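Below, each chain spelled out in residue letters.
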Amino acid sequence: MRYSKTLIPTLKEIPAEAEVISHTLMLRAGMIRKLAAGIYSLLPMGVYVTKKVEGIIREEMNRAGAQEVLLPAVQPAELWKESGRWEEYGKELLRFKDRHERDFCFGPTHEEVITDLISKEIRSYRQLPLNLYQIQTKFRDEIRPRFGVMRGREFIMKDAYSFDCDEKGVDESYNRMYDAYCRIFERCGLKFKAVEAETGVIGGSFSHEFMVLADSGEEGIVFCNSCDYAANIDRAEIRTKENGDGGENKEERKEIKKASTPGMKTVEEVSKYLKVRPQDLVKTLIFESENGIIAALVRGDHQINETKLKRFLDSNILLLAGDEAVREVTGAPSGFAGPIGLNIAIFADHGVKGMQNFITGANEIDAHNINVNIGRDFEIKGYGDIRNVKEDDKCPRCGKDANIKRGIEVGHIFKLGTKYSQMLGATYLDSKGEERFIIMGCYGIGVGRTVAAAIEQNHDENGIIWPMPIAPFQVLILPLNTNDTMVMETSEDIYTSLIDKKIDVVIDDRDERPGVKFKDADLIGIPLQIIIGLRNLKEDNIEIKTRRNGEIFKCSVDAVADKIIKLVRQDA
RNA sequence: CGGGGCGUAGCGCAGCCUGGUUUAGCGCACCUGCCUUGGGAGCAGGGGGUCGGAGGUUCAAAUCCUCUCGCCCCGACCA
């Protein structure tokens, strides 16, 4: 590729809209441009990288025995009504009508379509197992798109669906995908973790998320250094005993007192003001659910986890109550809620169980109660694991120290079971001639998100540093003196010889000053730069620079091609 | 959807509060010429704006008012 013939509109200045480094660099390196909120155009550099990632995905999916298909992006409402998700999916599903006023949606995922297809084509156990995948554009009308392609509304996703006869089969399919995913992300040069995860709207019984470790990640993950436990924070259990949750407390119950706490709303403020530790407080949080308003209690230094609470209450809708509702239920503005005297159901985290003589809001403005006790002052309807794992908590599996980090979810694999095959009637006849539901799994990879995640993990102050396997080009040739025939001819010779050797190479043939070329080269992050300038060429030398460590070494013109091939292979 | 903020040249911004001396400005980018060629050069000249849109107030609106559209941030939501 010739630089002068392609479109790589690099930016010197930092775009105002970008929040995370990958977004900034994708804009600055001329990979993407925004068209609307959460909707991006991919420019040539963006396409090259995307194709590389897709190529790796295809190779590994095919290696794992999956077959590629391409399903429609536009889907009829009937299918979604059959699965029940036309109502269930909510506003994230982009709906529209065709000219005949028939309802359609733009596919946010393809369980319905694939299950419908399979229900029509599969008759016998002899046709199973099967794993079909596609790489396709999806649309999810996210409430708040952000971070560029990391959380866009329109995005490219690889989704795969497995179809098996029995549990043993689906386990095998699942494990094969798990292994394939590990290979894919390893080949993309990513540091990642597979963590136990929640299943969400897709449904199903069992799932893992593949998380790329990055501070900018939107997911909390908990993992253990001693054993191989790793889970999404929404799923990670609290190891009750080791963390002192739910123990007995034999302290004497003191008399309840009211303390004035003017304007003190947060745990931090109250504990500082009353000169106690945050863990001597109990937070009372009011939630609205489809089954009415409830209160949830956690220790002052703990954080409620709404996903866990939702699961514990078996509720579909759960929202932190607004100021108005809080005032109605407690009689006080938010910040002063407490469990005493509430006539709604009160649930508590295990961590609250053993507490005595603790502090809560007094359901009265500017006041808190001291020496509150469960049983004497109020009753708990049920205890559950409803808080986040904390830094000093122990691993739920082995009891050693747990770690908490941030991650970007780049892949998610589910064991779906028969949810969709039942809804859409996908059955097969087993060897005894009995009709059975096909057992399904589904497996997604966010392609754009993988690209963004790779940048989050591979960059420096000058720009992107592509891992060789997903680099838009492997080599960039930089002729420094465009008006010098020797420089240009040598550059062109090296360029064609590398193309002959099947190296992905781009030559910066623009009539620009060296400084401009160097800056752009570092910004777009091509792993190997061949620098050709008069100075060295007079001694028949060129320079090779590796983008990652900035190392530069001289090399004779004749030896360049072989040297480059060696370097490319070594990282590929 | 709730709270906050921003829309002025391709990008980044100033001007708005206190309406008129502004023909709407600056930096970068762009075009022409000269010059320069190992880390985003220099000089000279030049092009580019419905001041997001609609309505209103006024002798006069980028500036004040109303509505509207778009975007960004925080919260809730999410394969």
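Residues numbered from 1 in each chain as written. Chains lettered and ligands numbered in written order. Predicted model: local features only at pLDDT ≥ 70, side-chain atom pairs only at ≥ 80, totals over all residues. Heavy atoms only, no water.

This paragraph deals with the overall build of chain A. Looking only at helices and strands, chain A has 16 helices and 31 strands in total. Principal-axis analysis of the C-alpha atoms gives chain A an extent of 95 × 70 × 50 Å. Relative to its full complement of 572 residues, chain A shows a buried share of 54%. Nonlocal contacts in chain A, meaning residues at least 24 apart in sequence, comprise 69% of its contacts between residues at least 6 apart. (Helix = DSSP H or I, 4+ residues; strand = E, 2+ residues; numbered from the N terminus. Buried < 20%, exposed > 50% of the residue type's maximum accessible area, 1.4 Å probe, protein only. Contact = heavy atoms within 4.5 Å.)

When pLDDT is averaged across chain A, the result is 91; 97% of the residues are at 70 or more. Here the predicted complex scores 0.91 on pTM and 0.91 on ipTM. (pLDDT = per-residue confidence, 0-100.)

Before going further, it helps to examine the packing of helix H1 (residues 21–28) against helix H12 (residues 447–457). One way to put it is that H1 packs onto H12 with a least axis distance of 8 Å and a crossing angle of 105°. Our classification of the angle between H1 and H12 gives roughly perpendicular. Contacts between H1 and H12 involve Ile21, Ser22, Leu25 and Met26 from the former and Val451, Ala452, Ile455 and Glu456 from the latter. Looking at the contact of H1 with H12 residue by residue, the classes come out as 6 nonpolar, 1 polar and 1 charged. (Axes fitted to C-alpha atoms, helices over the stretch in contact; angles between N-to-C directions. Parallel < 35°, antiparallel > 145°, perpendicular 65-115°, else oblique. Nonpolar A, V, L, I, M, F, W, Y, C, P; charged D, E, K, R; others polar.)

With respect to the element layout, Gly515 can be found in helix H14 (residues 514–524). In this structure the C-alpha to C-alpha distance between Gly515 and Leu480, which are 35 residues apart in sequence, comes to 9.1 Å.

Our next topic: the pattern of salt bridges. All told, the structure shown has 43 salt bridges when counted by the stated rule. Among the salt bridges present, the one from Glu196 reaches Arg397, with a minimum N-O distance of 3.1 Å. On the criterion of sequence distance, the pair formed by Glu196 in strand E9 (residues 192–196) and Arg397 in the loop between strand E20 (382–384) and strand E21 (402–417) is long-range, its members being 201 residues apart. Its relative accessible area of 47% is what places Arg397 among the partly exposed residues. The residue Asp520 makes a salt bridge to Arg510 at a minimum N-O spacing of 3.1 Å. Taken together, the residues Asp520 in helix H14 and Arg510 in the loop between strand E28 (505–507) and H14 connect sequence positions 10 residues apart. Each member of the pair Asp520 and Arg510 is classed as buried. Here the salt bridges share partners, and the residues they tie into one network are Glu59, Glu60, Arg63, Arg183 and Arg187. (Salt bridge = Lys/Arg side-chain N within 4 Å of Asp/Glu carboxyl O.)

Right, let's talk about the pairing of E9 for a bit. Counting buried positions along E9 yields 4 of 5 residues, so the element is predominantly enclosed. The pairing of E9 with strand E10 (residues 206–213) spans 5 bridges and is antiparallel. Bridge pairing in E10 places Val195 opposite Glu209. (Pairing = 2+ DSSP bridges.)

Take the domain arrangement of chain A next. Taken domain by domain, chain A holds domain 1 (14–236 + 404–455), domain 2 (242–384) and domain 3 (473–571). Summarising the inter-unit geometry, the C-alpha centres of domain 2 and domain 3 are found 65 Å apart. (Domains from an automatic or database assignment.)

Inspection of every chain in the model, using the stated rule, returns 12 aromatic pairs. Seen in terms of ring centroids, Phe192 and Phe210 are 6.2 Å apart; in terms of plane orientation they differ by 40°. Their pairing is tilted. Taken as a pair, Phe192 in strand E9 and Phe210 in strand E10 lie far apart in primary sequence, 18 residues in all. Taken together, the ring pairs connect Tyr178, Tyr181, Phe185, Phe192 and Phe210 into an aromatic cluster. Here Lys353 stacks its cationic end above the ring of Tyr383, 5.0 Å away from the centre of that ring. For the cation-ring pair, Arg510 lies above Tyr3, with the distance from its terminal atom to the ring centre recorded as 3.8 Å. (Phe/Tyr/Trp six-rings, centres within 6.5 Å; stacked < 30°, edge-to-face > 60°. Lys NZ or Arg CZ within 6 Å of the ring centre and 35° of its normal.)

With respect to the element layout, Lys308 can be found in helix H8 (residues 306–313). Judged by relative accessible area, which is 3%, Lys308 ranks as buried. At 2.8 Å, the side chain of Lys308 forms a polar contact with the backbone oxygen of Arg387. Not counting the four nearest positions on each side in its chain, Lys308 is found in contact with Ile233, Asp234, Arg235, Ala236, Glu237, Ile238, Asp385, Ile386 and Arg387. (Polar contact = N/O pair within 3.5 Å; in protein donor to acceptor, adjacent residues only side chain to side chain.)

Once that is clear, we can look at the nonpolar core. Judged by nonpolar contacts, the single largest core of 64 residues is most densely connected at Met31, Tyr181, Phe185, Phe210 and Trp466. For this core, the element with the highest residue contribution is helix H6 (residues 167–187), accounting for 7 residues. For this core, the two domains that each supply at least three residues are domain 1 (14–236 + 404–455) and domain 3 (473–571). Among residues more than four places away in sequence, those in contact with Met31 are Met26, Ser41, Leu42, Leu43, Met45, Gly46, Val49, Val451, Ile455, Ile464 and Trp466. (Core = buried A, V, L, I, M, F, W, Y, C linked by side-chain atoms within 4.5 Å.)

Our focus in this paragraph is helix H13 (residues 485–500). For H13, which comprises 16 residues, the first-to-last C-alpha distance of 22 Å matches the rise-based estimate of 22 Å (1.5 Å per residue) to within 8%. Inspection of H13 places Val487, Met488, Thr490, Ser491, Ile494, Tyr495 and Leu498 among the buried residues, and these make up the whole buried set. Seen along its axis, H13 keeps its buried residues to an arc of 165°; they face one direction. With respect to the buried face of H13, the exposed residues turned more than 90 degrees away are Thr485, Glu489, Asp493 and Asp500. Of the surrounding secondary structure, the elements contacted by the buried residues of H13 are strand E27 (475–479), E28, strand E29 (528–532), helix H15 (534–537), strand E30 (541–546) and helix H16 (560–571). The positive-phi residue at the C-terminal boundary of H13 is Lys502, with phi of around 65°. (Expected span 1.5 Å × (residues − 1). Arc of directions from axis to C-beta.)

Spatially, 3 strands are ordered E4-E6-E5 in an open sheet, and the strand pairing comes out antiparallel. A strand with exactly one partner marks an edge of an open sheet, and here the two such strands are strand E4 (74–76) and strand E5 (94–97). Each neighbouring strand pair of the sheet contributes to a mean axis angle of 35°, computed without reference to strand direction. Pairing between E5 and strand E6 (residues 103–106): 4 bridges, direction antiparallel. Directly across from Phe96, in E6, lies its bridge partner Phe104.

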